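Residue-level structure breakdown
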Amino acid sequence: MKPLKPMLVVLLVLLFAYASPAVIINGGLGLPHTKAAWVSQTGRLTMLTHTRFWGQVHQTRDVKMNVPSAMTVWDVQGLVSLNYGLGKHFDLNITPILYQDDQTQYGVYPYDTFIGLKIGSYGSKASSLNYGVQLHGRFPTGDVKNIMFENYSAGTVEFGFTGLVSYAADPLYPEDSFNLHLNLGYHNSNDVGEIITSAINDPYSRVLSQTQQMHFAAGFWIPTESFDYGLEMYGNAWLQQPPAAAAGRENYLYGNAAIKYKPYRWFNFTLSGEYRMTSDKEETIGPKRVPSGLPNYNTWRINVGAQFTLLPTSVYRTSERDVLMQKAENRRELFEQIIKERRETESAEEELERIREERRKAERELERLRKILEGQTDQRQQLEEMRKELEPKP
């Protein structure tokens, strides 16, 4: 693929200069919620189908019969995430939420859509560290907002960014070796003046100050031949909380353990379970969006996802021998790059030493000249004294 033209890059950045909260599943490289700083191979198209769910038996009381009662409360989400490698340092991600059910709006479909641009894979080819930034936007393609048990949504175009850092024990094949990822981002809900509930005259429902938050994530994969084992933590910290009537306006922190099964090079299956590590403090004011005794955010979640490589189709025909030959070729290129960088470093060091020697020579010449000048001054003083002695005295 030819390099992206500068104008196209500018247009893409302007179009996708947004970032979503870390709680939305990651459809690209990295862990389920922690993004890698690497970008996808140019021309590679992958599709992730993902479902997550939570449920709890809620104890209530039948007012008419005045007897204890119980009901099962659930929160289910289903989405598809497409990820495409645009070039050496760019990939594009589109994630529409196809189904969202929080038991207040039964069978909400579709819901919001996330479109993002990652600019990454920056760092030396021989270095274990890589850097990047994720630009991402949340678009209100669904008819509902401020969903119970879920991240706050205002029904607007929301935006932000996420800084990415990744470490890999093997820089040439980062996904096949121990890899660690760190994310830190900013999110703006762009919601001033919005009314987030149906209660138009409710003073707690109108957004008076723009909702803003920081979001963060950190995690690692330990890969083996057929399975990868991962652990991550992610959460948020409000810089400006949503309005008081928002269903979820508290900070949260989740821990997530994941296992990935890789039966083929073009297919993997991921199962993960996460648990909320922060307390269930209630900060919503006004009509209760969440029934008494239920959490603001899911106490736990089960995530199930399957990822397929759609392009290039040659991945289906590649044999193990082809893979080993390609790895050997990549190793050779890496060694050549390391040797080249080392030679450049040695050449730079030699040039620096030559400059230092020239400076020492110049300093020695200056010192010699100073001594000569001082000697000439002494000679002039001696001649002046002799002249005065030879002058006739009155």
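Residues numbered from 1 in each chain as written. Predicted model: local features only at pLDDT ≥ 70, side-chain atom pairs only at ≥ 80, totals over all residues. Heavy atoms only, no water.

**Description of the overall build of the chain**
- Counting its regular elements, the chain contains 2 helices and 12 strands.
- Listing the helices and strands of the chain from first to last along the sequence gives α-β-β-β-β-β-β-β-β-β-β-β-β-α.
- In the chain, buried positions account for 42% of the 394 residues.
- For the chain, the proportion of contacts with a sequence separation of at least 24, taken over those separated by at least 6, is 66%.
- Surface accessibility of the chain: about 21,900 Å² in total, with carbon and sulfur atoms responsible for 60%. (Helix = DSSP H or I, 4+ residues; strand = E, 2+ residues; numbered from the N terminus. Buried < 20%, exposed > 50% of the residue type's maximum accessible area, 1.4 Å probe, protein only. Contact = heavy atoms within 4.5 Å. Areas by Shrake-Rupley, 256 points an atom, 1.4 Å probe, with all protein chains shown as cover.)

**What to know about the pairing of strand β5 (residues 129-139)**
- Across 8 bridges, the pairing between strand β4 (residues 113-122) and β5 is antiparallel. Bridging from a neighbouring strand, Tyr122 pairs with Tyr131 of β5.
- Hairpin connection between β4 and β5: a loop of 6 residues separates the two successive antiparallel strands, and Gly123 in this loop has a positive phi of roughly 140°.
- Alignment of β5 against strand β6 (residues 158-168), held across 10 bridges, turns out to be antiparallel. Opposite Leu129, over in β6, you have Tyr167 as the bridge partner. (Pairing = 2+ DSSP bridges.)

**Describing the environment of Asp176**
- Examined against the element boundaries, Asp176 turns out to sit in the loop between β6 and β7 (179-188).
- For the pair Asp176 and Glu225, spaced 49 residues apart in sequence, the C-alpha to C-alpha distance is 8.3 Å.

**Notes on empty space enclosed by the protein**
- Under the criterion given, the structure shown has 2 cavities of 30 Å³ or more.
- Space inside the largest cavity adds up to approximately 120 Å³.
- Forming the boundary of the largest cavity are 16 residues, of which Asn26, Lys35, Asn93, Gln134 and His136 lie nearest the centre.
- Elements that contribute at least two residues to the lining of the largest cavity include exactly β3 (90-101), β4 and β5.
- Here the lining of the largest cavity is built from residues that sort into 3 nonpolar, 10 polar and 3 charged. (1 Å grid on protein atoms, 1.4 Å probe; cavity = no way out; pocket = protein on both sides within 12 Å on 5 of 7 lines; lining within 4 Å. Points joined across faces, edges and corners; volume = space filled by probe spheres on them. Nonpolar A, V, L, I, M, F, W, Y, C, P; charged D, E, K, R; others polar.)

**Looking at the nonpolar core**
- Of all hydrophobic cores here, the largest spans 12 residues; its members are Tyr152, Ala154, Ile196, Val207, Ala217, Tyr234, Trp238, Ala245, Ala246, Tyr252, Tyr254 and Tyr297.
- Residues Leu48, Ile97, Phe114 and Ile147 belong to the second largest nonpolar core, which totals 9 residues. (Core = buried A, V, L, I, M, F, W, Y, C linked by side-chain atoms within 4.5 Å.)

**A word on the pattern of salt bridges**
- The final tally for this structure, using the stated rule, is 5 salt bridges.
- Residue Arg52 pairs with Glu150 through a salt bridge whose shortest N-O separation is 2.4 Å. Here Glu150 lies in the loop between β5 and β6 and Arg52 lies in strand β1 (residues 45-62), a separation of 98 residues in the sequence. Across this residue pair, the class does not change: Arg52 and Glu150 are buried. (Salt bridge = Lys/Arg side-chain N within 4 Å of Asp/Glu carboxyl O.)

**Observations regarding the environment of Phe227**
- Among the secondary structure elements, Phe227 is positioned in strand β9 (residues 227-240).
- Judged by relative accessible area, which is 32%, Phe227 ranks as partly exposed.
- In the structure, Phe227 is positioned 41 residues away from Asn268 in sequence and 9.3 Å away in space, judged by C-alpha atoms.
- Once residues within four sequence positions are removed from consideration, Phe227 is found in contact with Ile222, Ile259, Lys260, Tyr261 and Lys262.

**Some remarks on the pairing of strand β8 (residues 212-223)**
- Here β8 shows one buried face, formed by Gln213, His215, Ala217, Gly219, Trp221 and Pro223, and one open face, formed by Gln212, Met214, Phe216, Ala218, Phe220 and Ile222.
- As paired strands, β7 and β8 are joined by 10 bridges and run antiparallel to one another. Its bridge partner being in β8, Asn188 is matched across the sheet by Gln212.
- In this sheet, β9 lies alongside β8 in antiparallel orientation, the contact comprising 12 bridges. The residue bridging Ala218 from the neighbouring strand is Met233, located in β9.

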